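What follows is the residue order along each chain.
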Amino acid sequence: MPEPSDEEIVRTAAEAAEGLVFSRYSKSEVDDLDVTVSFEEGVLEVDIYLNVESEEAEEVAEDAVRAAEAAVDELFDEDGRSE
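Quick caveat, the model's predicted, so the values are computed rather than measured.

### Here's the deal with the overall build of the protein
Item 1. Scanning the protein from N- to C-terminus turns up two helices and two strands.
Item 2. When the helices and strands of the protein are listed from N to C terminus, the series reads α-β-β-α.
Item 3. Overall, the C-alpha framework of the protein stretches about 45 × 20 × 20 Å when taken along its three principal axes.
Item 4. Within the span of the protein, comprising 83 residues, buried residues form 37% of the whole.
Item 5. Across the protein, contacts joining residues at least 24 apart in sequence account for 55% of those joining residues at least 6 apart.
Item 6. Within the protein, the 28 negative side-chain charges are centred at a point lying 4 Å from the centre of the 5 positive side-chain charges.

In structure tokens:
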């Protein structure tokens, strides 16, 4: 299989991060969510800003970053490549 495109990698990471956040909070609970993903020269960068009234917001944002990274790892594994 061909290697995933940079666009596919970024989209996969962003969807995974957003999916994790909204699995923990309803959309009405989230005041603001900004997921920024870049993939350049084989390096994935994920930055998440989560504004929600919860003591666990920072932990959820960190979990969302890990979910994005895991989704991209899985995408590469599906293609027979492991980074």
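### Quick notes on helix α2 (residues 57–78)
Item 1. Along its 22 residues, α2 runs 31 Å from first to last C-alpha, staying within 8% of the 32 Å computed at 1.5 Å per residue.
Item 2. Every buried residue of α2 is accounted for by Ala 57, Val 60, Ala 61, Asp 63, Ala 64, Val 65, Ala 67, Ala 68, Ala 71, Val 72, Leu 75 and Phe 76.
Item 3. The inward-facing, buried residues of α2 contact α1 (6–24), β1 (30–40) and β2 (43–52).

### Quick look at the side chain of Thr 12
Item 1. Looking at the secondary structure, you find Thr 12 in helix α1.
Item 2. Polar side-chain contacts of Thr 12 include one of 2.8 Å to the backbone oxygen of Glu 8.
Item 3. Not counting the four nearest positions on each side in its chain, Thr 12 is found in contact with Ala 71, Val 72 and Leu 75.

### Considering the side chain of Asp 63
Item 1. Tracing the chain through its elements places Asp 63 in helix α2.
Item 2. By relative accessible area, Asp 63 is classed as buried at 15%.
Item 3. Among the polar contacts listed, one links the side chain of Asp 63 to the side chain of Arg 24, at a separation of 3.0 Å.
Item 4. Polar contacts involving the side chain of Asp 63 include one to the side chain of Arg 66, which spans 2.4 Å.
Item 5. Excluding residues within four positions of it along the chain, Asp 63 makes contact with Leu 20 and Arg 24.

### Remarks on the environment of Ala 17
Item 1. Relative to the helices and strands, Ala 17 is located in helix α1.
Item 2. Between the alpha carbons of Ala 17 and Asp 73 there is a distance of 14 Å; along the sequence they are 56 residues apart.
Item 3. Residues contacting Ala 17, with those up to four places away along its chain left out, are Val 35, Ile 48, Ala 64 and Ala 68.

### What about the packing of aromatic side chains?
Item 1. Across all of its chains, the model carries one aromatic pair by this definition.
Item 2. Judged by centre distance (6.3 Å) and plane angle (40 degrees), the rings of Phe 39 and Phe 76 are tilted. Here Phe 39 is found in strand β1, whereas its partner Phe 76 is found in helix α2, with 37 residues between them in sequence. A single burial state applies to Phe 39 and to Phe 76, both of which are buried.

The rules behind each value
As a convention, each chain's residues are numbered from 1 in the sequence order in which they are written. Only residues with pLDDT of at least 70 get local features here, since the model is predicted, and only at 80 or more are side-chain atom pairs given and counted; chain-wide, interface and lining totals rely on the full set of residues. Note that the side-chain values use all heavy atoms of the structure and ignore hydrogens as well as water. Each helix is a run of H or I in the DSSP string that is no shorter than four residues. Each strand is a run of E no shorter than two, and both are numbered from the N terminus. For every residue, the accessible area obtained with a 1.4 Å probe (protein chains only) is divided by the maximum for its type, and the residue is called buried under 20%, exposed over 50%, and partly exposed between those limits. In what follows, a contact means two residues having at least one pair of non-hydrogen atoms within 4.5 Å. For the purpose of charge, His is not counted, nor are the chain termini; Lys and Arg are scored as positive and Asp and Glu as negative. Charge coordinates come from a single atom per side chain, which is NZ of Lys, CZ of Arg, CG of Asp or CD of Glu. For a helix, the expected span equals 1.5 Å multiplied by the number of residues minus one. Within 3.5 Å is the distance limit for a polar contact, defined as a pair of N or O atoms, with the added protein rule that one can donate a hydrogen and the other accept it, and that residues adjacent in sequence qualify only through two side-chain atoms. The rule is short: rings of Phe, Tyr and Trp, with Trp giving its six-membered ring, pair when the centres are within 6.5 Å, and they are stacked under 30 degrees, edge-to-face over 60, tilted in between.

Just distances and angles here, no functional claims.
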